[in-house]
Amino acid sequence: MTEQMDAGLVAEQIAATPGALSEPADGQEMGRGRRRKEDPKLLTGQTNWTDNITLPGLLHMAVLRSPMAHAKVLSVDVSAALEVPGVIAAYSGADLADVMGATLPCAWPVTPDMVSPPHTPLAVDTVRYVGDGVAVVVARDRYTAADALEAIAVEYEQLPAVVDMEEALKEGSPLVHESAGTNRTFLFDFPGAGADYAETVAAAGDDAVVVKRRFVQQRLLPTPMEPRAVVVAPIAAADDYTVYSATQIPHILRVMLALTTGIPEHKIRVIAPDVGGGFGCKLNVYAEEVLCLVVAKKLGRPVKWTESRSEHYQATVHGRDQVQDIEIAARKDGTLLGLKVELLADMGAYLQLVTPGVPILGAFMFPAIYKMAAYHFTCTGVFTTKTPTDAYRGAGRPEATFAIERIMDELAHELGRDPMELRKQNWIRHEEFPYDMVAGLTYDSGNYEAATAKAEEMFDLDGLRREQAERRARKDPVQLGIGISTFTEMCGLAPSRVLGSLSYGAGGWEAAQIRMLPTGKVEVTSGATPHGQGHHTAWSQIVADALGVPFEDVEVTTGDTDSSPKGMDTYGSRSLVVGGVAIHKATGKVLEKAKRIAAHLLEANEADVEFDKGAFSVKGSPEASMTIQEVALATFAAHNLPDGMEPTLDSDYVYDPENFSYPHGTHLCAVEIDTETGFTTIRKYVCVDDIGKIVNPVIVEGQVHGGLAQGIAQALYEEAVYDDDGNLTTGTLVDYLVPAAPDLPHFETGRTETPATSNPLGVKGVGEAGTIASTPAVMNAVVDALRPFGVRDVRMPATPERVWRAIHGSDAERAAAGTIAYGGASTSTTAATQEQM
Amino acid sequence: MIPAEFDYLAPDTVADAVAALAADEDAKVLAGGQSLIPVLRLRLSYPTQLVDLRKVQELRGVRDDGDALVIGAMTRHSDVVADPLVQQHAALVAAATATVADPAVRHRGTFGGALAHADPAGDLAAVALALDAELVAEGPGGRRSIAAADFFQDYLQTALSPDELLVEVRIPKLEGTWSVHYEKFNRVAQAWAIVGVATAVRREGGSIAEARVGLTNMGSTPVRATAVEAALRGVPAEAGAIAEAAQHAAEGTTPPDDLGGKADYRQHLARVLTRRAVATAAGV
Amino acid sequence: MARVRMRVDGVVYEDEVSPRTLLTHHLRDGLGRVGTPIGCDTSNCGSCTVSMDGDSVKSCSVLAVQADGAEITTIQGLADGPEWHPVQKAFREHHGLQCGYCTPGMVMAAVDLLKRNPSPTEDEVRHGIEGNLCRCTGYQNIVKAVLSAASELRGEGAHPGAFSTPPAGVPA
Ligand SMILES: Cc1cc2nc3c(=O)[nH]c(=O)nc-3n(C[C@H](O)[C@H](O)[C@H](O)COP(=O)(O)OP(=O)(O)OC[C@H]3O[C@@H](n4cnc5c(N)ncnc54)[C@H](O)[C@@H]3O)c2cc1C
Ligand code: FES
Ligand code: FES
């Protein structure tokens, strides 16, 4: 495939048929609904989960975890554990202090003066959250290891828990890290790329309408169905280690394990076997990975650690947990003036790999698809004695999208405008792309009109509005609400120079290698490491199109630092947009070389050689042709190559994107609320996503569905709750409510197609779209249903009890349910929160 | 997670099971294991021995005993739901049991296990109470029959002594034509009831002659809503009268304050759900 | 220790196990039948679902000693040689799996459902698999797959997968 998707051409296409879908041409793989290559092993139980791995002499490690949120560790006595038959070793934090490294890595110092206290893999003198590791045992089987944990004696001296962010910031609050002298991790201040917010609002004088809200992004537990697991196989004599981990990031992990433990990087091989979901929580470098490695090294035997679900909920990072104070200003006619955002972001007890960066990623997304003159963002990171937070599907962008989409509805309400009309008035029109945003990004393409029109048509917006009016009029106990979310996101993390400007510790490129084998088959390795997304299928499609070989002839390898040594792994909807493009580019290099060889063998001028459907031919003499497989064989034999040409046909490409990509879409949700019980049912959910060109509609639909489920779960079901002592009270799947099949609606999905202009495939990424868009769509619908009761917000998740209290409760209860926004002055239906400046 | 060590015995008869329990005060009965095994895995309990009832054939099955239906303690939820006698004579039991957990759990969990476990959020205790069930226990001193009202004593606590087995449950057949409904309110399909209402209603012409109402999760034991039952007696089978009677549903209850909901919300739910349950059962 | 004998995916095994051994650990660690994974410790997730004497059970909530004498079928024993079970085929056709971790349990739960209810409605399918959590798919394609497999098992033919861009005239 040639670079047919250049910017000019793309722009032409957009102008011709806004948002129209392209159909795959005959024989073309791009856009074809291939069923996945990954499925046969997964469907027959032949999967290689990390916990499935056994090795001769394998030992099992278990971690003793703190039952207290905050305490001094006075003593750890492992001697009784060593007496349990079958126990090989037991270590306290102090025992491993010299080998486990001084701190687990945080790769994202978001400000130069960020407080980044050491985070040892096992606590040595202080525990800072329930679940913080204090000791490990290693035994010959997992049952013995579990028993031996109970034989370890730890003396704690309890310290006060720090649970609430605002309390943590108060003068005199107990400190999570005594040595830091503060619970404030950082203050990130970003004045945007536009005008000054305060001046802009002041200049508008009486014409300015300002709406303020406080939104709470509850803490979430990412919950991939596979908990984490690690196996380390040492070759002690060679000081050589193979680390198997259920991780999203084998490549980053390898570097970080070397930096943390001092074991040379080239002596560590990391393999991510089949990984059962990640959703961001496996984008990290964990204590147990380091501990298994150093213990295996000490003992010279392979060591396995497998997390249980309840352990996972303590020991694996959590997501979200922000308090958002957001203020939007508009003219009375609805024209947006600006946006001011002040975040509190709960870091938990320590900084994990990208903990501080997550809210900062959101900084660029609050203005979303809307034109405005001014924007100001600040974020304060806060330490608390809770499990660290980090990336969870969307990472920073769902929070931002939620806040802007919710407050657009609130602004519409204050102005007495239809929420969709207000959006249409302010969004970037398709002919205005590329567009420089007030947050500093340049959106390359988009067509919000087309996606919205299609969504409205699928949704029957007018019919549902009519029904809503009728239900309101007859005071039906079941009220109907309609919610909108017109979102965009930045995907394809990320141009390395942008990451550099944000002080992130690594680049955002991705690597690919292509090898044509003598028999004409193709091996592809990719640095993007899948954990359910279907990379092997999609990459095969890209390669098949580019090289003109059958889909079945392509084999993709990922997740092993030996066979795919370079990579930046999978997160941030980057795999296709960065990793897939890298593959496409690598095929270009193969073709270049193959063409020279074909010209040589066909005794033609290279300029006269053409490539189509897997074969090279000479212009004007169609009988002179050879297939790419024949070229591959010729390069293997190497009997007759152009002078100086290296044998074999392969290539290696590292692609660094020039811009993010900006998928967008319009999601519409109708909910029914039983006002007597507060129970919310999603009646209809329509989403139209524009993710540019697509490689495989089957995979795309799956990604959208799964994303919607997680976003809806945030709106209605899930919340990690801590008590005042810092105990996670939703510590198992009994109390943390992950929705099952009956709890989710049937989704109606549609697409429009506005190709990205920033990459040759025109792709934008789809991994996070559903999650980002759906939470505000659902919550806007919930609030819309409840407007007749004077309700202007409901805290997430909108549990039946919260909804019921929002309708029927006392003032205090309505405030607690989130009914009263910002400052909580009044529960009246009038514009108590509106301030004229 | 992994249970701690215990010994295991699978006797063939009730007598042997009772003897085993009597011999070891820290022994525990294992029925379907659907509550006990998770408890052991989380190491919330450390029994020395499990006495597994799976081989005790006399504890399985449903039989018609004239004026009562008898359900063996080891009858699995899935068998209870499918049993024609239960559907005929104790439809409320079938209706509530069908809402317990999920199909795989219902293939293992037992009627007796659920009642002996006595979780106030469990769905079957309120049904047993509403239907005036008699729970038959056997211990070293022989058999005794315990009225449901006396059986459930506190959170996870019953009138069974540690060396007693629940062997069967006698459910008096309802005289006349009754219709039933179990109304369960939970946040997600997998979750236990925040509140549940078990109702049986006998209509005579246009009015409600008699009603039974049992409440799930409205206290540390299941609760019989006697005030509602009294208020329903003889009222016309129509929405207004039922709603009025249902207003008494929360009287005398002390529901828990927990993640599932605060006490006052549960009391409110009890009133709403009772109204709906009775109306549905009464065909209104 | 206790002696347990069971037939797993057609093969008879007899072993000494500690009474506390969970069936799932016996299958995985004892017998090497690792096709069935573990996802929780509270019997909620259903990842570990297998068929025991013809009934779906969560193998993490059964002791190996309770399965003495039982016939167990796991995902690894579901296919008839190279011929997949219609539920397996339908999951692939309808993209009812992503990471695949829930899949062994989900497929076994679906097989059990269809055995009891050959013509389920969408709602009945959703409730039939309510003991199995999937974090990737949002369930919709799983539900489609189960309905399609039901149709095939009834002899009415499987449903073809339908996705937002239909493959243009080429079989996928
Ligand atoms: C995921 C999940 C969801 C669930 N949801 C619900 C729900 O919504 N509603 C609901 O009601 N239940 C629910 N349950 C519980 C289920 O109904 C259990 O089956 C039941 O509570 C226990 O029955 P069992 O036979 O498994 O008993 P076991 O777990 O074997 O035993 C439970 C307790 O009772 C004792 N015991 C058992 N049988 C006897 C006996 N015959 N004599 C004396 N003591 C005995 C045991 O010693 C033990 O203490 C759920 C369980 C799970 C795993
Ligand atoms: S592992 Fe068995 S239900 Fe989760
Ligand atoms: S496919 Fe990943 S959990 Fe279901």
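Residues numbered from 1 in each chain as written. Chains lettered and ligands numbered in written order. Predicted model: local features only at pLDDT ≥ 70, side-chain atom pairs only at ≥ 80, totals over all residues. Heavy atoms only, no water.

**What about the overall build of chain A?**
Moving on, step 1. Secondary structure summary: chain A contains 23 helices and 29 strands in total.
Moving on, step 2. Relative to the 2.2 N^0.38 estimate, which gives 28 Å for 837 residues, the radius of gyration of chain A is 28 Å and therefore close to what a compact globule would have.
Moving on, step 3. Dimensions of chain A along its principal axes, counting C-alpha atoms only, are 85 × 75 × 50 Å.
Moving on, step 4. A burial count over chain A gives 66% of its 837 residues as buried. (Helix = DSSP H or I, 4+ residues; strand = E, 2+ residues; numbered from the N terminus. Rg over C-alpha atoms; globule rule 2.2 N^0.38 Å. Buried < 20%, exposed > 50% of the residue type's maximum accessible area, 1.4 Å probe, protein only.)

**Looking at helix 22 (residues 800-808) of chain A**
Moving on, step 1. In terms of burial, helix 22 of chain A is a largely internal element, eight of the nine residues being buried.
Moving on, step 2. Where helix 22 of chain A is concerned, the buried positions are Pro800, Glu801, Arg802, Val803, Trp804, Arg805, Ala806 and Ile807 of chain A.

**Looking at helix 8 (residues 250-261) of chain A**
Residues and elements named next belong to chain A.
Moving on, step 1. Over its 12 residues, helix 8 extends 16 Å from the first C-alpha to the last, a length consistent with the 16 Å expected when each residue adds 1.5 Å.
Moving on, step 2. When we look at burial in helix 8, the residues that qualify are Pro250, His251, Ile252, Leu253, Arg254, Met256, Leu257, Ala258, Thr260 and Thr261.
Moving on, step 3. Considering only its buried residues, helix 8 is in contact with strand 10 (240-245), strand 11 (268-271) and helix 9 (287-299).
Moving on, step 4. Backbone geometry just downstream of helix 8 places glycine 262 in the positive-phi region, at approximately 80°. (Expected span 1.5 Å × (residues − 1). Contact = heavy atoms within 4.5 Å.)

**Quick word on the interface of chain B and chain C**
Moving on, step 1. With 30 residues of chain B at the contact, the number on the chain C side is 31 residues.
Moving on, step 2. Both faces combined, the contact of chain B with chain C buries some 2500 Å², and carbon together with sulfur accounts for 54% of it.
Moving on, step 3. Here chain B is connected to chain C by three salt bridges.
Moving on, step 4. Residues lysine 58 of chain C and aspartate 102 of chain B are paired through a salt bridge, measuring 2.8 Å at the closest nitrogen-oxygen approach.
Moving on, step 5. Where chain B touches chain C, the interface holds nine residue pairs in polar contact (both at pLDDT 80 or more).
Moving on, step 6. Mapped by element, the contributors of at least two residues to the side of chain B that touches chain C are helix 2 (36-41), strand 3 (49-52) and helix 6 (103-106) of chain B.
Moving on, step 7. Here the side of chain B that touches chain C is composed, by residue class, of 17 nonpolar, five polar and eight charged. (Buried area = accessible area lost by both parts, 1.4 Å probe. Salt bridge = Lys/Arg side-chain N within 4 Å of Asp/Glu carboxyl O. Polar contact = N/O pair within 3.5 Å; in protein donor to acceptor, adjacent residues only side chain to side chain. Nonpolar A, V, L, I, M, F, W, Y, C, P; charged D, E, K, R; others polar.)

**Comments concerning the packing of helix 8 of chain A against helix 9 of chain A**
All names here are of chain A.
Moving on, step 1. Following both chains from N to C, one finds helix 8 and helix 9 inclined at 60°, their axes separated by 11 Å at the closest point. Between helix 8 and helix 9, the crossing angle belongs to the class labelled oblique. At the point where helix 8 passes helix 9, the crossing takes the right-handed sense. Residues Leu253, Leu257, Thr260 and Thr261 of helix 8 lie in contact with helix 9, whose contacting residues are Glu289, Val290, Leu293 and Val294. (Axes fitted to C-alpha atoms, helices over the stretch in contact; angles between N-to-C directions. Parallel < 35°, antiparallel > 145°, perpendicular 65-115°, else oblique. Left-handed = near helix turned anticlockwise from the far one by under 90°.)

**Things to note about the packing of helix 17 (residues 535-547) of chain A against helix 18 (residues 575-601) of chain A**
Residues and elements named next belong to chain A.
Moving on, step 1. At their nearest, the axes of helix 17 and helix 18 sit 10 Å apart, and the two run at 30° to each other. The two elements helix 17 and helix 18 cross, and the hand of that crossing is right-handed. Residue-level contacts link His535, Trp539, Ile542, Val543, Ala546 and Leu547 of helix 17 to Ser575, Leu576, Gly579, Gly580, Ile583, His584, Thr587, Val590 and Leu591 of helix 18.
Moving on, step 2. Considering only residue class, the contact of helix 17 with helix 18 consists of nine nonpolar, six polar and no charged.

**Regarding the domain arrangement of chain B**
Moving on, step 1. Under the domain assignment used here, chain B contains domain 1 (7-52), domain 2 (60-172) and domain 3 (178-282).
Moving on, step 2. If you average the C-alpha positions of domain 1 of chain B and of domain 3 of chain B, the two centres end up 35 Å apart. (Domains from an automatic or database assignment.)

**Things to note about the site of ligand 1**
Moving on, step 1. With respect to spatial proximity, 30 residues lie near ligand 1, and among them Val29, Gly33, Leu36, Thr110 and Asp123 of chain B are the closest.
Moving on, step 2. Nearby residues around ligand 1 are contributed by chains B and C.
Moving on, step 3. Between an oxygen atom of ligand 1 and a side-chain N or O atom of threonine 110 of chain B, the distance comes to 2.6 Å.
Moving on, step 4. In this structure, aspartate 123 of chain B approaches ligand 1 through a side-chain N or O atom, which is 2.7 Å from a nitrogen atom.
Moving on, step 5. Considered on its own, ligand 1 offers 960 Å² of accessible surface; in the complex 95% of this is hidden by protein.
Moving on, step 6. Looking at the shell around ligand 1, the elements that each hand over two or more residues are strand 2 (27-30), helix 7 (111-117) and strand 10 (165-172) of chain B.
Moving on, step 7. Here the shell around ligand 1 gets four residues from one element, more than from any other, and that element is helix 7 of chain B.
Moving on, step 8. Its residues assigned to classes, the shell around ligand 1 comprises 15 nonpolar, 12 polar and three charged.
Moving on, step 9. In this structure, the shell around ligand 1 is formed jointly by two domains, domain 1 (7-52) and domain 2 (60-172) of chain B, each of which donates at least three residues. (Near = heavy atom within 4 Å. Areas by Shrake-Rupley, 256 points an atom, 1.4 Å probe, with all protein chains shown as cover.)

**Remarks on unusual backbone geometry**
Moving on, step 1. Leucine 493 of chain A connects to alanine 494 of chain A through a cis peptide bond whose omega is -10°.
Moving on, step 2. By secondary structure assignment, the location of alanine 494 of chain A is in the loop between strand 18 (478-488) and helix 16 (496-501).
Moving on, step 3. Phi is positive for histidine 95 of chain C, which is not a glycine, with a value near 55°.
Moving on, step 4. Counting through the fold element by element, histidine 95 of chain C comes out in the loop between helix 2 (86-93) and helix 3 (103-116).
Moving on, step 5. Look at histidine 95 of chain C and you get buried, because its relative accessible area is 2%.

**Comments concerning the pairing of strand 3 of chain B**
All names here are of chain B.
Moving on, step 1. A two-sided burial pattern is seen for strand 3, the buried positions comprising Gln49 and Val51 on one face and Leu50 and Asp52 on the other.
Moving on, step 2. Note: strand 1 (residues 7-9) against strand 3, three bridges, orientation parallel. Its bridge partner being in strand 3, aspartate 7 is matched across the sheet by glutamine 49.
Moving on, step 3. For strand 2 and strand 3, the ladder comprises four bridges, and the chain directions are parallel. By the bridge assignment, valine 29 is partnered in strand 3 with valine 51.
Moving on, step 4. Taken together, strand 2, helix 2 and strand 3 constitute a β-α-β crossover, and its handedness is right-handed. (Pairing = 2+ DSSP bridges. Right-handed = clockwise from strand over helix to strand, strands pointing away.)

**Observations regarding the sheet that holds strand 7 (residues 142-147) of chain B**
Residues and elements named next belong to chain B.
Moving on, step 1. Within the open sheet, the five strands sit side by side as 4-5-10-6-7. Their pairing is antiparallel. The open sheet has two free edges, formed respectively by strand 4 (62-65) and strand 7, since each of these has just one partner strand. The sheet shows a mean angle of 25° between the axes of neighbouring strands, taken without regard to direction.
Moving on, step 2. Note: strand 6 (residues 134-139) against strand 7, six bridges, orientation antiparallel. Bridging across to strand 7, alanine 137 finds its partner in arginine 144.
Moving on, step 3. Against the sheet, helix 1 (residues 14-23) makes contact with strand 6 and strand 10, and its axis sits at roughly 125° relative to strand 10, the strand it touches most.

**Let's talk about the pattern of salt bridges**
Note on pairing: side chains with opposite charge can pair once their charged atoms come close.
All names here are of chain A.
Moving on, step 1. One pass over the structure, following the stated rule, counts 96 salt bridges over all chains.
Moving on, step 2. Residues glutamate 753 and lysine 693 are paired through a salt bridge, measuring 3.3 Å at the closest nitrogen-oxygen approach. One end of the pair, glutamate 753, is in the loop between strand 28 (747-752) and helix 21 (769-786); the other, lysine 693, is in the loop between strand 27 (679-690) and helix 20 (697-716), and 60 residues separate them in sequence. With respect to burial, glutamate 753 and lysine 693 carry one shared label: buried.

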